[in-house]
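# Survey of secondary and tertiary structure
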Amino acid sequence: MNLSPTTDAVNTAEAVPAAGAARPVIIATLSGMAAVFMWGLAPVATRAAVAQLAPLPLTVLRAMMAGLACLPWCVSGLRRLDRAGALRAIAAGLLGMVGYNLPVALGVQWLPASTAALVLATEPIWILALARVFLGRRTSRRAWIGSAVALGGVAVIAGPEAVLSGSGARPLEGLGLVLLGTLLFGACTIVLRPLSTLHGPRTATAISTTIGAVPYLTLAGTVTPRSLAALPSDAWIELIFLALGTSVAGMLMWNLSVARIGSTQAGLLLFLEPLVGVTGSLALLGEHLTSGSLIGGALVMAGVVTAWTAQRHTGQA
């Protein structure tokens, strides 16, 4: 049966809004993927950078550069916050810029970047656990089982060599610091999401990043002109990538993704992070995965996928 011109016009008019509605979702998904790609390479860049500059001055420089980049948007955004919003922004900034960046930078100096990338993959587990504790969200039994499997994978990655290696207990300390940073970044994600939803991803990112950089002013003395002059060009590239790439652009794109498609859908993108991190470690740093890392990494990913998809089906993730 031939459709009349009127019917064709109606169908065309209905198709345009559908395509227009899908476009923001596609953009938000691609934005989240870009953020995860940069975050996957973050332990690789950090591992390379700490070979040229100690973790503390590296983190100070990273925070100062990121804070200065976000300062203009922070100043305008602060005027829009009420007291509760300001307190939330302070908490998110401290959790993300201090609670995450500093422990990870300290821990990565004693770990292969590939190991750090696998440990960082547990972030969705911490988001689920923290949402259960602080937001009262119901967590399914399958999600708890997946979480236990993922943490068992971390234990396998640590292995007996983490304690018995020639460098003493430093690898185990490094793993614990990276795990702590991952936990605190999960908390940052939960705390910051309402600000992203209410005031927009750019404002939330700028305010939390700038506020999180403030405590590092007390540590500015760890950065000396001599250390800066001695940095090779590749170290500056790594530093710029960490500061303006992962801390600013990465957070902005992640907050946009979470605000547009929600933590459930955006959280699924985090499964790409360890793949990017391990691939980058092997290709750019020439690292090699041990059997323990392979087995432990497989357990981490299996546990995280099990927990996150189980919680997604309950509508609580």
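Scope of this entry: the structure provided in the associated data block.

Here is what the cut-offs are and how they apply
Residues numbered from 1 in each chain as written. Predicted model: local features only at pLDDT ≥ 70, side-chain atom pairs only at ≥ 80, totals over all residues. Heavy atoms only, no water. Core = buried A, V, L, I, M, F, W, Y, C linked by side-chain atoms within 4.5 Å. Buried < 20%, exposed > 50% of the residue type's maximum accessible area, 1.4 Å probe, protein only. Helix = DSSP H or I, 4+ residues; strand = E, 2+ residues; numbered from the N terminus. Contact = heavy atoms within 4.5 Å. Axes fitted to C-alpha atoms, helices over the stretch in contact; angles between N-to-C directions. Parallel < 35°, antiparallel > 145°, perpendicular 65-115°, else oblique. Left-handed = near helix turned anticlockwise from the far one by under 90°. Nonpolar A, V, L, I, M, F, W, Y, C, P; charged D, E, K, R; others polar. Patch = residues over 30% accessible without salt bridge, like charges linked within 9 Å, V, L, I, M, F, W, Y side chains within 5 Å. Areas by Shrake-Rupley, 256 points an atom, 1.4 Å probe, with all protein chains shown as cover. Salt bridge = Lys/Arg side-chain N within 4 Å of Asp/Glu carboxyl O. Expected span 1.5 Å × (residues − 1). Bend = angle between axes of the 7 residues up to and from the residue. Arc of directions from axis to C-beta. Phe/Tyr/Trp six-rings, centres within 6.5 Å; stacked < 30°, edge-to-face > 60°.

## Here we look at the nonpolar core
Leu 175, Val 178 and Trp 254 are the most contacted members of the largest nonpolar core, which has 74 residues in total. Looking at this core, the element that brings in the most residues is helix 8 (residues 170-199), giving 10 residues. Contacts of Val 178, omitting those with residues within four sequence positions, involve Pro 103, Val 104, Gly 107, Val 108, Leu 111, Ala 116, Val 119 and Leu 120.

## Structural notes on the environment of Pro 112
Structurally, Pro 112 can be placed in the loop between helix 3 (83-108) and helix 4 (113-120). Given the relative accessible area of 36%, Pro 112 is considered partly exposed. Pro 112 sits 175 residues away from Glu 287 along the chain, and the two C-alpha atoms are 7.3 Å apart. If we skip the residues at most four places from it in the chain, Pro 112 touches Arg 47 and Glu 287.

## Remarks on the environment of Pro 274
Looking at the element boundaries, Pro 274 is found in helix 12 (residues 272-284). The spatial distance from the C-alpha of Pro 274 to the C-alpha of Leu 118 is 5.3 Å, given a sequence separation of 156 residues. Excluding its chain neighbours within four sequence positions, the residues that come into contact with Pro 274 are Ala 117, Leu 118, Ala 121 and Met 301.

## Describing the packing of helix 5 (residues 123-134) against helix 6 (residues 141-158)
For any two helices packed against each other, one specifies the inter-axial angle together with the distance between the axes. Direction vectors running N to C along helix 5 and helix 6 enclose 135 degrees, while the axes themselves pass 10 Å from each other. Regarding the angle of helix 5 to helix 6, the classification is oblique. Judged by the twist between their axes, the crossing of helix 5 over helix 6 is left-handed. Seen from helix 5, the contacting residues are Ile 125, Trp 126, Ala 129 and Arg 132; seen from helix 6, they are Trp 144, Ser 147, Ala 150 and Leu 151. In terms of residue class, the contact of helix 5 with helix 6 is built from six nonpolar, one polar and one charged.

## Details of a nonpolar patch on the surface
Side chains of Ile 145, Val 149, Val 156, Leu 294, Ile 295 and Leu 299 sit close together on the surface and give an oily, nonpolar patch of about 470 Å² of accessible area. Elements supplying a minimum of two residues to the nonpolar patch: helix 6 and helix 13 (291-314). Mapped onto the elements, Ile 145 comes out in helix 6.

## Section: helix 3
With 26 residues, helix 3 should reach 38 Å at 1.5 Å per residue; the first-to-last C-alpha distance of 36 Å fits that figure. Maximal helix bending in helix 3 amounts to about 25 degrees, located at Leu 95.

## Some remarks on helix 6
Spanning 18 residues, helix 6 covers 26 Å between terminal C-alpha atoms, matching the ideal 26 Å at 1.5 Å per step. Within helix 6, the full set of buried residues consists of Ala 143, Gly 146, Ser 147, Ala 150, Gly 153, Val 154, Ile 157 and Ala 158. Down the axis of helix 6, the buried side of the element spans an arc of 145 degrees, and every buried residue falls inside it. Exposed and oriented more than 90 degrees from the buried face of helix 6 are Arg 141, Ala 148 and Ala 155. Phi turns positive one or two residues past the end of helix 6, at Gly 159, with a value near 60 degrees.

## Some thoughts on the packing of aromatic side chains
Summed over all chains, the structure comprises three aromatic pairs. When the ring of Trp 39 is compared with that of Trp 254, the centres are 5.4 Å apart and the planes differ by 55 degrees; the resulting orientation is tilted. You can see Trp 39 sitting in helix 1 (residues 5-49) and its partner Trp 254 sitting in helix 11 (residues 233-269), a full 215 residues away along the chain. Grouping residues by exposure puts Trp 39 and Trp 254 together as buried. Taking 5.1 Å as the distance between ring centres and 50 degrees as the angle between the ring planes, the aromatic pair formed by Tyr 100 and Phe 185 counts as tilted. Taken together, the residues span a long stretch of sequence, with Tyr 100 in helix 3 and Phe 185 in helix 8 at a distance of 85 residues. Tyr 100 sits in the buried class, given a relative accessible area of 14%. What links up through ring pairs into an aromatic cluster is the set Trp 39, Tyr 100, Phe 185 and Trp 254.

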